[in-house]
Amino acid sequence: MRLLIDMDDVIADTLNYTIACLESNNIIIDRKELAGKELEDILTKEQVDFMHKMTDSVSYFKRIPIKPNCYAVLKELHKRYEIRVVSCAFAFPNSMNAKLGWLKKHLDFISLNEIIFCGCKADIKGDIMIDDRTENLQKFSGRKYLYTAPHNKGINRYKRFNSWIDIQNEFCR
Ligand SMILES: [Mg+2]
């Protein structure tokens, strides 16, 4: 059984870190406004340009924290299932090296053969997909799980995980 697990906002706590970085640059985010939206939708054009410059830098990605309980649960899943960490890393090419370094640092049991960087997830084979993006789940033919993030609030056509404890309860019984 092969599990495809998304990186940003499933394994890596990317959005929360991005918000913290914006706020440390005096761009204050109202989280209620983010429901069903992207950061790009609630920022000015200048703020979006600033954010994209920031998120495409190597140092930015290095500092993103791992989601709570992800390490222990994913390590357990790794013993029971075939794991692929899948990331649309081509969207921010400068981040690719940093993402690879991040995975080595935070998930020491994941080998290079278990990482897939791509432009689109549609052709990647697996039995189960966990992702915060409905556009990735839509194109996947196996079992689909949505990892909760502000932008996917209100979407109820997929089984939802709110935390890695939910993932543990589903797959590690
Ligand atoms: Mg994601």
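Calculation notes
- Along each chain, residue indices are assigned from 1 in the same order as the chain's sequence is written.
- With pLDDT at 70 or above as the cut-off, local features in this predicted model cover only qualifying residues; side-chain atom pairs require 80 or more to be listed or tallied, and sums for whole chains, interfaces and linings still use all residues.
- Exposure is read from a count of other C-beta atoms within 10 Å of each residue's own; the residue is exposed at 12 or fewer, buried at 20 or more and partly exposed in between. C-beta atoms are placed from the backbone.
- The way it works is that DSSP assigns letters per residue, a run of H or I at least four long becomes a helix, a run of E at least two long becomes a strand, and they are numbered from the N terminus.
- Our arc is simply the arc of the directions from the helix axis toward the C-beta atoms.
- Pairing between two strands is assigned when DSSP locates at least 2 bridges connecting them.
- We call two residues in contact when their backbone-placed C-beta atoms lie within 7 Å.
- In this analysis, axes come from line fits to C-alpha atoms, helices being fitted only over the stretch in contact, and the angle between any two N-to-C directions falls in the range 0 to 180 degrees.
- Nonpolar core, as used here: buried Ala, Val, Leu, Ile, Met, Phe, Trp, Tyr and Cys residues forming one set through C-beta atoms within 7 Å.
- As annotated, the domain borders come from an automatic or database domain assignment.
- Each residue is assigned to one of three groups, with Ala, Val, Leu, Ile, Met, Phe, Trp, Tyr, Cys and Pro labelled nonpolar, Asp, Glu, Lys and Arg labelled charged, and all others, Gly among them, labelled polar.

1. Re helix 5 (residues 70-80)
Reasoning step 1: Restricting attention to buried positions, one finds in helix 5 the residues Cys70, Val73, Leu74 and Leu77. Taken down its axis, helix 5 places every buried residue within 95° of arc, on the same side.

2. Here's the deal with unusual backbone geometry
Reasoning step 1: A positive phi angle, near 70°, is found at aspartate 9, a position not held by glycine.
Reasoning step 2: You can see aspartate 9 is positioned in the loop between strand 1 (2-6) and helix 1 (14-24).
Reasoning step 3: Classification of aspartate 9 by C-beta neighbours within 10 Å gives buried; the count is 22.
Reasoning step 4: We note that asparagine 69 has phi near 65°; this positive angle belongs to a residue other than glycine.

3. Focus on the pairing of strand 1
Reasoning step 1: Across the five residues that make up strand 1, a large majority, four, are buried.
Reasoning step 2: The pairing of strand 1 with strand 2 (residues 82-87) spans five bridges and is parallel. Within strand 2, the position partnered with leucine 4 by the bridge is arginine 84.

4. Some details on helix 6 (residues 96-106)
Reasoning step 1: Regarding helix 6, the residues found buried are Ala98, Lys99 and Leu103. The buried residues of helix 6 all sit within an arc of 140° when viewed along its axis, so they share a single face.
Reasoning step 2: Buried-residue contacts for helix 6 involve helix 4 (58-62), strand 2 and strand 3 (115-117).

5. Comments concerning the sheet that holds strand 5 (residues 143-147)
Reasoning step 1: Ordered in space as 3-2-1-4-5-6, the six strands form an open sheet in which the pairing is parallel. The two strands at the open ends of the sheet, each matched to only one other strand, are strand 3 and strand 6 (159-161). Recorded for the sheet is a direction-independent mean angle of 25° between the axes of neighbouring strands.
Reasoning step 2: Judged from the four bridges that link them, strand 4 (residues 128-131) and strand 5 form a sheet pairing that is parallel. The residue of strand 5 that forms the bridge with isoleucine 128 is arginine 143.

6. Observations concerning the pairing of strand 2
Reasoning step 1: Across three bridges, strand 2 lies against strand 3 in parallel orientation. Paired with valine 85 across the two strands is isoleucine 115, which belongs to strand 3.

7. Focus: the nonpolar core
Reasoning step 1: In terms of nonpolar packing, the biggest core is built from 28 residues, with Leu3, Ile5, Val10, Ile11, Val73, Val85 and Ile130 touching the most fellow members.
Reasoning step 2: Breaking this core down by element, the ones donating at least two residues are strand 1, helix 4, helix 5, strand 2, helix 6, strand 4, strand 5 and helix 8 (164-171).
Reasoning step 3: Other than its neighbours up to four places away in sequence, leucine 3 contacts Leu77, Tyr81, Ile83, Gly126, Ile128 and Ile130.

8. Digging into the domain arrangement of the chain
Accessible area lost during the coming together of the parts is what is often quoted as the interface size.
Reasoning step 1: If you check the domain split of the chain, you get domain 1 (2-12 + 66-171) and domain 2 (14-62).
Reasoning step 2: Distance from the C-alpha centre of domain 1 to the C-alpha centre of domain 2: 21 Å.
Reasoning step 3: Taken together, the 16 residues of domain 1 in the interface contact 14 residues of domain 2.
Reasoning step 4: Counted by class, the side of domain 1 that touches domain 2 contains six nonpolar, six polar and four charged residues.

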